[in-house]
Amino acid sequence: MVGPSPSGCYTPSTTHAGLFVTYTWQITLTPYLAANCSADGAARAKINATVASNVHIGTIPWYVAPGASAITFTIPTHSVSCSSPGSAVWTPGPIVYGSFVQTLGPWTAISGTSYDFYSSNWVNATRSSSTTGATAVSQDTTTATLLLVNCAAC
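Residues numbered from 1 in each chain as written. Predicted model: local features only at pLDDT ≥ 70, side-chain atom pairs only at ≥ 80, totals over all residues. Heavy atoms only, no water.

Q: What am I meant to see in the overall build of the protein here?
A: Looking only at helices and strands, one finds 0 helices and 7 strands in the protein. Reading the secondary structure of the protein in the N-to-C direction produces β-β-β-β-β-β-β. Taken over the C-alpha trace, the protein has a radius of gyration of 21 Å; the compact-globule value for 154 residues is 15 Å, which it surpasses by more than 25%. Taking all 154 residues of the protein together, 36% fall into the buried category. Contacts in the protein between residues at least 24 apart in sequence constitute 84% of all its contacts with a sequence separation of at least 6. Of the accessible surface of the protein, which amounts to about 7900 Å², a share of 55% is contributed by carbon and sulfur atoms. (Helix = DSSP H or I, 4+ residues; strand = E, 2+ residues; numbered from the N terminus. Rg over C-alpha atoms; globule rule 2.2 N^0.38 Å. Buried < 20%, exposed > 50% of the residue type's maximum accessible area, 1.4 Å probe, protein only. Contact = heavy atoms within 4.5 Å. Areas by Shrake-Rupley, 256 points an atom, 1.4 Å probe, with all protein chains shown as cover.)

Q: Help me understand the sheet that holds strand β3 (residues 64–83) in this model?
A: Reading across from one edge, β3-β2-β6 is the order of the 3 strands in this open sheet, with antiparallel pairing throughout. The open sheet is flanked by β3 and β6 (115–129), the only strands paired with a single partner. Within the sheet, the average angular offset between the axes of one strand and its neighbour, ignoring direction, is 10 degrees. Pairing of strand β2 (residues 42–57) with β6 involves 15 bridges; the strand directions are antiparallel. Following the sheet pairing, V51 is matched in β6 by N121. (Pairing = 2+ DSSP bridges. Axes fitted to C-alpha atoms, helices over the stretch in contact; angles between N-to-C directions.)

Q: Mind showing me how you'd approach the state of the cysteines here?
A: Structurally, a disulfide amounts to a covalent bond that connects the sulfur atoms of two cysteines. In the structure shown here, the tally under the stated rule is 2 disulfides. One disulfide bridge connects C151 with C154, the sulfur atoms lying 1.8 Å from each other. Its S-S torsion of approximately 50 degrees makes the covalent link between C151 and C154 right-handed. By relative accessible area, C151 is classed as buried at 13%. (Disulfide = S-S within 2.5 Å.)

Q: Please explain the side chain of S53 as it appears in this structure.
A: Structurally, the position occupied by S53 is in strand β2. Among the polar contacts made by the side chain of S53, one reaches the side chain of Q102 at a distance of 2.4 Å. (Polar contact = N/O pair within 3.5 Å; in protein donor to acceptor, adjacent residues only side chain to side chain.)

Q: When you look at the nonpolar core in this model, what are you seeing that I'm missing?
A: Core analysis: the largest hydrophobic core is formed by 19 residues, its most contacted members being V21, V55, L104, W107, Y115 and F117. Listing elements by their share of this core, those giving two or more residues are β1 (16–37), β2, β3, β5 (95–109) and β6. Ranked by the residues each element gives to this core, the list is headed by β1, at 5 residues. Counting residues in hydrophobic clusters, the runner-up holds 14 residues, among them L29, A35, A43 and I47. (Core = buried A, V, L, I, M, F, W, Y, C linked by side-chain atoms within 4.5 Å.)

Q: Where do I start with the packing of aromatic side chains in this structure?
A: Each aromatic ring pair is characterised by the separation of its centres together with the angle its planes make. A complete count under the given rule lists 4 aromatic pairs for this structure. Centre to centre, the rings of Y10 and Y115 are 6.3 Å apart; their planes meet at 35 degrees, and the pair counts as tilted. Residue Y10 is located in the segment before β1, and its partner Y115 is located in strand β6; the two are separated by 105 residues in the primary sequence. Considered together, Y10 and Y115 belong to a single accessibility category, that of buried residues. Consider the rings of W107 and Y115, whose centres lie 5.1 Å apart with planes at 65 degrees: the pair is edge-to-face. Owing to a relative accessible area of 1%, Y115 belongs among the buried residues under this scheme. An aromatic cluster is present here, built from Y10, W107, Y115 and F117 joined pairwise through their rings. (Phe/Tyr/Trp six-rings, centres within 6.5 Å; stacked < 30°, edge-to-face > 60°.)

Read these as geometric descriptors, not functional statements.
What follows is the structure, encoded as structure tokens:
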């Protein structure tokens, strides 16, 4: 979250409609997915990553400003699976997003209301297996840096 608490980082003196906020991320995701099935059973490993952002009221009651929320998939769901006997592995190496840009809006900033700007990168790695003879691994190494938050008309 960007902005001092509890006053927020943007408090317009007049109401502004049609605002857009751009978040710029630098993200490197290195996933490793594996599924291994012995004589019986099935296994699956999957991973996806998203960037979730919003503009949020910077004072009580602390809620997301209407029209100011976005979720973008930085990588779509990828999965590997196996059924007995067999195995599958996915190790693409680093997936680099040198400048992943997410824009949200339009939203309206109300006069006298304080706003904060928030963004986060979430990686969801899951695994499942049907028996003790099947195993799965889903893991990643992620480096994510929020480089810029820009609301030009703010």
